[in-house]
Amino acid sequence: MSSTRPRLQCKVLDERLLDYLPSYATAGSAGMDLRALLDEPLTLAPGDCELVRTGLAIYIEDPSLAGMILPRSGLGHKHGIVLGNLVGLIDSDYQGELMISVWNRGQTSFTLAPFERLAQYVLVPVAQADLAIVNSFEDSTRGSGGFGSTGRQ
Ligand SMILES: O=c1ccn([C@H]2C[C@H](O)[C@@H](COP(=O)(O)OP(=O)(O)OP(=O)(O)O)O2)c(=O)[nH]1
Ligand SMILES: [Mg+2]
């Protein structure tokens, strides 16, 4: 399948990152891993949440795209290391440093090593919308049903 890959402008804010630029681990990877820009190991006690630098600023520019910062499944499942904001949403016009809110939701302390891959960055398509204000909707099959209205089986 042929496709044109978007090109994202990326500022490297700390030269140590030049050895660790994000890349796709495999041809089919959905995300590029982001690393922790730390001068020394960071220990997170159970319940701790810290904002960690990535040392990278990625300017998407195109409003039909957004970035998402997602946890890595191994860290999340095995060590309880997830994101304090659950998911990070990166606006196309954001030009600042990508920051990762790291939350230890587990029962044991976890030490993050400098430059460890701690989350992943996924580029996603986005549609911005305009709201048309109406008084009623044409009926749909679902109507207002939600929150389990279709049952469990
Ligand atoms: O995990 C994250 C989430 C957000 N951001 C940056 C990029 C994003 O474009 C900006 C704003 O994020 P968001 O809109 O989710 O936060 P907010 O609390 O609404 O802040 P703002 O008022 O700046 O929009 O913060 C990060 O670096 N990491
Ligand atoms: Mg916002």
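Look above for the structure.
Before going into details, it helps to say that this report is about the structure given with it. What you are looking at is a predicted structure, and each value in this text was computed from that prediction instead of being measured.

## A short note on the pattern of salt bridges
Here is step 1: Summed over the entire model, instances satisfying the criterion amount to five salt bridges.
Here is step 2: Between D14 and R16 there is a salt bridge, with the nearest N and O atoms lying 2.9 Å from each other.
Here is step 3: One network of salt bridges, with partners in common, ties together D14, R16 and D39.

## Re unusual backbone geometry
Here is step 1: Positive phi, close to 70 degrees, is recorded for F115, a residue that is not glycine.
Here is step 2: For F115, a relative accessible area of 12% gives the class buried.
Here is step 3: The phi angle at F147 is positive, at roughly 50 degrees, despite the residue not being glycine.
Here is step 4: By the element assignment, F147 lies in the segment after strand 11 (117-125).

## Describing the nonpolar core
Here is step 1: By size, the foremost hydrophobic cluster in this structure holds 27 residues, and its most contacted members are V52, I69, I100, L112, L118 and Y121.
Here is step 2: Elements with a contribution of two residues or more to this core: strand 2 (32-35), strand 3 (42-44), strand 5 (56-59), strand 6 (65-71), strand 7 (81-83), strand 9 (99-104), strand 10 (110-112) and strand 11.
Here is step 3: Per-element accounting of this core gives the leading share, three residues, to strand 11.
Here is step 4: In contact with L118, not counting residues within four places along its chain, are L34, R35, A36, V52, R72, L75, I100, V102 and L112.

Reading guide: rules and limits
Residues numbered from 1 in each chain as written. Chains lettered and ligands numbered in written order. Predicted model: local features only at pLDDT ≥ 70, side-chain atom pairs only at ≥ 80, totals over all residues. Heavy atoms only, no water. Salt bridge = Lys/Arg side-chain N within 4 Å of Asp/Glu carboxyl O. Buried < 20%, exposed > 50% of the residue type's maximum accessible area, 1.4 Å probe, protein only. Helix = DSSP H or I, 4+ residues; strand = E, 2+ residues; numbered from the N terminus. Core = buried A, V, L, I, M, F, W, Y, C linked by side-chain atoms within 4.5 Å. Contact = heavy atoms within 4.5 Å.

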